[in-house]
Structures are given as C-alpha cells and as structure tokens.
Amino acid sequence: MTFDKKKVVYQIYPKSFKDTTGNGIGDLNGIIEKLPYLKELGVDVLWLNPFYPSPQRDNGYDVADYKAINPLFGTMEDFDRLVSIAKKYHMELMLDMVLNHCSTDHEWFQKALQGDKKYQDYFILRKETTDWQSKFGGLAWSKFGNTDYYYLHLFDKTQADLNWRNPEVRLEMQKVVNFWREKGIKHFRFDVINLIGKDQVLKSNPVLDGKMEYTDKPITHKYLKELNLATFGQDSDSMTVGEMSSTTIENCIKYSSPNSNELAMVFNFHHLKVDYENGQKWTLTKFDFKELQKLYHDWGNAMSHADGWNALFWNNHDQPRALNRFINIKDFHEEGATMLAASIHLSRGTPYIYMGEEIGMLDPNFDDISDYVDVESHNAFENLLSKEYNKDLAFKIIKAKSRDNSRTPMQWDESENAGFTTATPWLKVAETYPTINVERCKNNKIFKFYQQLIKLRKDLDIISHGSYKSKFENSDTVYAFEREYQGQKLLVLNNFFDKETNIEIDSEFTDGKLLLSNYEDSKITKQLSLRPYESIAIII
Ligand code: GLC
C-alpha cells in the first residue's frame, strides 16, 4: 500500500457543517458550498461521518441502508456532484464504513425478525447471553423479537452487531465498499473495526465490561486482509483508517504495517483517556501530562520502529474539544491551539483536523440536559443519577464529557446560528460564535498556523516520512520528539503548560534553523526557555 503520506485529512460532521435547505441539518450541498474554504486551508482528504439512511438513534452510525443517501443530507446526485467538484479542487472524500453493526431498521434485521433463517445468521443470536456491557450503558444483549433468543449489540440496542463469521456477511460488506469504490471513492474510515471478530463461543468476563472477549480478536486480522484484497487494496493510493477501540500497540502494528495488507493506518484513543479517573470516562479530573507524554512516546517509538502508521488527532465527533481539556483557554487560547496542532502535525503519522479546530472552536456552555441530543450522554446522565450523584454534579460531568461538545454547528460567521442554518439547528450553536467564526478568524493566528503546518508536510519529507524518536522523556512539562530522514534531523519541543519552562537542548541543534514557532520572536539557545504553550521546531 502506497498511500500519500503528505496528505492531511479534514473531518466533516455533515449534520453540523452547513445547512442549505433550511431544515436545521447540514447537508451535502453545504459541503460543496464550503469547498473553496477547505481548499484555502490546504487539506487533501475529507472524511465525512455517515450520511446514509438511518433512524439517527446514534447520528447515522445506525445504518439502515449502506448504499443510499439519507434524504436529510441530500440525494445521490448531490453526492456525485460533491465528488466531482471536490476533484476539481484536488480534494478527495473518505467515507465512513460502519461494518460492525447495522440499524435494527435495516432490512436484514427486519427479515431476520420475521423468521428468515438466512438473515438470522447475519446477526449474533444466542439463547444464553454473556455479561458484556454495551458501550452506551446497560447489557449488550436484547431480546430478539418474541423468540427465546437475544441479539448482541455492543452499542445502542438499535445497533445490532453483524456476524462476520458468516461468509455471506463478509461478502455483503465487500459489496458495500465496492459500491462506493465504483463511485470513485478510494479512501475509507472503518468504524470500530477491531470489534468485528467474535468467537463462536462467547464467554462472560466481568473485567472491563467484557471488552477483552471481543476486542482485537486474532480473526479480525484475517477479515481485514480479506476485505483489503476484495476491495480498497485494489486502489494503489487508497487511504484507509481503522477506528480501534481499546486496542494495543502490537495489534495496531499488525493492522497498519504495509506488509500486513490490512489498513493504511489506525486511530487509537489512549491519549484521550488521560483525563479519565481510574479509566472511567464519566468523571472529572485534570489531565495527567506524564501519562500523555508516555503514551505518545510509546506509540511513536514502537510504530516508527515496526513501520506501523498512526492517524494523529486531538479532536473528533466523539470527543469534547481538546482545547477545553488540555489548555488554559482563558489566557492562552491561540498559543494552546497552535501548540496542540504542532505537537501532532510535525509528528510521524497522518494528521486529522476536526471541523472548527482550525479556528479554535470550543465546547458549548449548555445549561440544561435537554440541550444535549446524544444518546450516550443521556444514558450516562441517567446512570449517574441512579448512582446517587446529585443533579448538579451529574450535569457538570456530562457538560465536560458529552460527545455533543464537538458536534455543535460549525461557526461560519456572526449572523444568527453562526451562519450554519436559517432554521433552528438540530443541536444548539455554541455561544462563542460571535467571536470564534470562520469569517473573523480566517486571518488569525490559529488558521494561519494550520495552513503553515499543512504546507510544511508537503514541502519537507522529514515531516511526512521521517522516523520518530522520543526526547526529554523525563521532562514534567515538555513533550518533545526528534524526526530523522536522509541525514536531516528535526527537533520538536512543545510546552504543555501555561507557565514558562526551561530545557537544555543537545549541542547539535544549537546551530540549527528555526523551522517553526507559535511565538513571533523565538530564538535558539542551548538553554531554552519555552513560554506558555510555546512550540518550536529546529531543523539541522
Ligand atoms: C464509533 C463512532 C461513534 C459511534 C460508535 C458506534 O465509535 O465514532 O460515533 O457511536 O462507533 O458506531
């Protein structure tokens, strides 16, 4: 697989990007309208979250038809137009493939419910269940119609897990991918793909809600090789990324190393759990820098050594905004945003920008649970109340952790609803839009810095292709790494705190050239003093 390592991906949550029909929901034509803006930013590949027909219980990750467009978002003609206009701008789409489960509204599940044996074997039905917990709360099994059986759903009960042990299911999935390939799509993001492999005999396991019993099962690698061969592997420059839930470095090397013929790269989430207390999401605690630093180093070193490839990201549609989690935004919004950007864009892997990140968008300040739409947030709120958290604390936790934090409409300008829609938006706009919006921020430091980072990756092979080596592992404040390529070296230093910090760099870098900094007057000296959230890159 020879995907282009110079490419940068921009993630669009279509529902919240730009509404052109006045129904309060973003649509495909809205994306077309904003292509010039994305071109200006300089991104190459646009990952679109699911826009297929779906009852929207989980905002499209509950797919009812894999080969059509949800009328909420437009038509197949709109889609084809989007592909061809994007091409004119030298941009390509990456589609989201949700192949681990489908909506219980899908005709496969409906036929199964009506007693069709062929389709019953598309799902995971058991008379005796396990103790596995759904990732959205509650047991992962629900009653299958009026039968003695239960069906497995690792997510919401309307998202039934598909039975990949059945070769017909695997064939169906290949057909889905090839349907979109025939429309000219070469890049794919595979939703929770490391959960597709399930054993014949499923075992209870109270540890970690049963995760070990269905995550990264060895058979998953076989399924991916098969999918690769039958579909995207036939496109030499295909860029694929697997979303890997609770995974390991060892497995991610296998998923992404070119010799495996599985995927081009992997998303893992360990670095976004460093502000979880005891590994639990619905808690409130400060982020642990040492843990973050160690995770980045462990993954960076190991993937570099074994030729694996990481997708690099701080934000996506499932995470609160990184600025709210890691940065003192009150005093250092711009410095913090640019430091976070440099810390991944100069690293080894493919960077992903989540819509709005390039203008420093923030979590909304909602004041009532009814402002949230996400099913996971509502389940978590109820769950916290049932554990006798008082309402204020439960709400405070939801507010910090809800996935809706990143799903609020894109902020285009200071007009009503941030220029996203003329109707009532499906999810409220964040109140910061009069100051944080594209029109106003396009000439600001954050946007320009992103432009610069994207361009640097194109211009310098050391950024796109260099190796990764951890540096200053003992520092309590600086996340640093060294890249190396064909005799060149690049040292990247990132101060993760809102206070000045000192570091002594190796002599070889003192005569180096300052490649990039998020402060205007950075200077290279052996004893370096990094200002709040200062990020500098030195090349020799
Ligand atoms: C992934 C998606 C998330 C979705 C889940 C179930 O984690 O990113 O949004 O809810 O899979 O499909």
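Structural data are supplied above this passage.
Residues numbered from 1 in each chain as written. Predicted model: local features only at pLDDT ≥ 70, side-chain atom pairs only at ≥ 80, totals over all residues. Heavy atoms only, no water.

Draft legend 1. Up close: unusual backbone geometry. In this structure, serine 246 is a non-glycine residue whose phi angle is positive, near 40 degrees. Looking at the secondary structure, you find serine 246 in the loop between strand E10 (240-243) and helix H8 (249-256). Its relative accessible area of 29% is what places serine 246 among the partly exposed residues. Even without glycine at this site, alanine 418 takes up a positive phi of about 55 degrees. (Helix = DSSP H or I, 4+ residues; strand = E, 2+ residues; numbered from the N terminus. Buried < 20%, exposed > 50% of the residue type's maximum accessible area, 1.4 Å probe, protein only.)

Draft legend 2. Fine view of the pairing of strand E16 (residues 488-495). Taken across its eight residues, E16 has seven buried, putting it largely inside the fold. Of the strand pairs in this sheet, strand E15 (residues 478-485) and E16 are connected by eight bridges, and their pairing is antiparallel. Bridge pairing in E16 links valine 478 to asparagine 495. Adjacent in sequence and paired antiparallel, E15 and E16 are bridged by two residues, among which glutamine 486 carries a positive phi angle near 45 degrees. Sheet analysis places E16 next to strand E20 (residues 535-539), joined by five bridges and oriented antiparallel. When the sheet's bridge partners are listed, valine 492 is paired in E20 with alanine 537. (Pairing = 2+ DSSP bridges.)

Draft legend 3. Highlighting the side chain of asparagine 194. Structurally, the position occupied by asparagine 194 is in the loop between strand E9 (187-190) and helix H7 (218-230). Residue contacts for asparagine 194: discarding those within four places in its chain leaves Tyr214, Thr215, Asp216, Thr220, Glu243, Met244, Ser245, Thr247 and Tyr255. (Contact = heavy atoms within 4.5 Å.)

Draft legend 4. Local environment of the pairing of strand E14 (residues 467-471). With five bridges connecting them, E14 and E15 associate as antiparallel partners. Across the sheet, the residue bridging to tyrosine 468 is arginine 483, located in E15. The antiparallel hairpin formed by E14 and E15 contains six residues in its connecting segment, where phenylalanine 472 sits at a positive phi of about 50 degrees.

Draft legend 5. Summary view of the site of the ligand. Close to the ligand lie 14 residues; Asp58, His101, Asp191, His317 and Asp318 are nearest. Contact between the ligand and histidine 101: an oxygen atom at 2.8 Å from a side-chain N or O atom of the residue. One of the side-chain N or O atoms of arginine 189 is found 3.1 Å from an oxygen atom in the ligand. Considered on its own, the ligand offers 310 Å² of accessible surface; in the complex 96% of this is hidden by protein. Split into classes, the residues belonging to the shell around the ligand amount to four nonpolar, three polar and seven charged. (Near = heavy atom within 4 Å. Polar contact = N/O pair within 3.5 Å; in protein donor to acceptor, adjacent residues only side chain to side chain. Areas by Shrake-Rupley, 256 points an atom, 1.4 Å probe, with all protein chains shown as cover. Nonpolar A, V, L, I, M, F, W, Y, C, P; charged D, E, K, R; others polar.)

Draft legend 6. Looking closely at helix H9 (residues 289-306). Relative to the 26 Å expected for 18 residues at 1.5 Å per residue, H9 spans 26 Å between its end C-alpha atoms, a close match to the ideal helical length. Listed in full, the buried residues belonging to H9 are Phe289, Leu292, Gln293, Leu295, Tyr296, His297, Trp299, Gly300, Met303 and Ser304. Packing partners of the buried residues in H9 comprise H8, strand E11 (265-267), helix H11 (329-345), E14 and E15. Measuring from the side-chain oxygen of the N-cap residue of H9 to the backbone nitrogen of lysine 290 gives 3.1 Å; that N-cap residue is aspartate 288. Looking one or two residues past H9, aspartate 307 carries a phi angle of roughly 70 degrees, positive in sign. (Expected span 1.5 Å × (residues − 1).)

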